[in-house]
Amino acid sequence: QVPLVDAGGGLVQPGGSLRLSCTTSGRTFSANAVGWFRQAPGKEREFVAARRWIGGGTYCADSVKGRFSISSDGDTRAAYLQMNNLEPDGTAVYFCPTGKLISSTTRTRGGYTKWGQGTQGTVYS
């Protein structure tokens, strides 16, 4: 019984990159999507990107489009978030939840049912 593990956070300079990883347990295998959310200091948790394992569709927030990319492994249900050109506002705890979602809810926090503990990414200025 391996829980969701969010990892890869760290400390980077502005313009730097981080690659986050998310490992999922067998209990989440029935999920059809994996998402990445972040919660910056003083702000609510918000959507960053997501990928549907079956359909292969990807989603991303407008604020990170072109800088972040999501990938996943269909067998292990691992997910990755490549974050490039990070700015100080990227400082946040990043989460990698899973859930069974449809297109209209993939960007919605409430649609995800399994959450890890997050990993801290810090972009210092």
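In what follows, the structure referred to is the one given above.
Residues numbered from 1 in each chain as written. Predicted model: local features only at pLDDT ≥ 70, side-chain atom pairs only at ≥ 80, totals over all residues. Heavy atoms only, no water.

> Quick rundown of the sheet that holds strand β1 (residues 5-7)? Include the residues and the values.
Within the open sheet, the four strands sit side by side as β1-β3-β8-β7. Their pairing is antiparallel. Edge positions in the sheet fall to β1 and β7 (68-72), since each has one partner strand and no second. Ignoring strand direction, the axes of neighbouring strands in this sheet form an average angle of 15 degrees. With five bridges connecting them, strand β3 (residues 18-23) and strand β8 (residues 79-83) associate as antiparallel partners. Within β8, the residue paired with serine 21 across the bridge is tyrosine 80. (Pairing = 2+ DSSP bridges. Helix = DSSP H or I, 4+ residues; strand = E, 2+ residues; numbered from the N terminus. Axes fitted to C-alpha atoms, helices over the stretch in contact; angles between N-to-C directions.)

> Outline the state of the cysteines, listing residues and values.
Overall, the coordinates contain one disulfide when judged by the stated rule. Here cysteine 22 pairs with cysteine 96 through a disulfide, and the sulfurs are 2.2 Å apart. Taking the sign of the torsion about the S-S bond as the criterion, the disulfide between cysteine 22 and cysteine 96, at about -90 degrees, is left-handed. Of this pair, cysteine 22 sits in strand β3 while cysteine 96 sits in the loop between β9 (92-95) and β10 (98-99), and the two are 74 residues apart along the sequence. Of the residues examined, cysteine 96 reaches a relative accessible area of 0% and is grouped as buried. Here cysteine 60 is not disulfide-linked; the sulfur of cysteine 96 is the nearest cysteine sulfur, at 16 Å. (Disulfide = S-S within 2.5 Å. Buried < 20%, exposed > 50% of the residue type's maximum accessible area, 1.4 Å probe, protein only.)

> Kindly report on unusual backbone geometry, identifying the contributing residues and their values.
If you check the backbone angles, asparagine 85 has positive phi at about 50 degrees while not being a glycine. Mapped onto the elements, asparagine 85 comes out in the loop between β8 and β9. For asparagine 85, a relative accessible area of 42% puts it in the partly exposed group.

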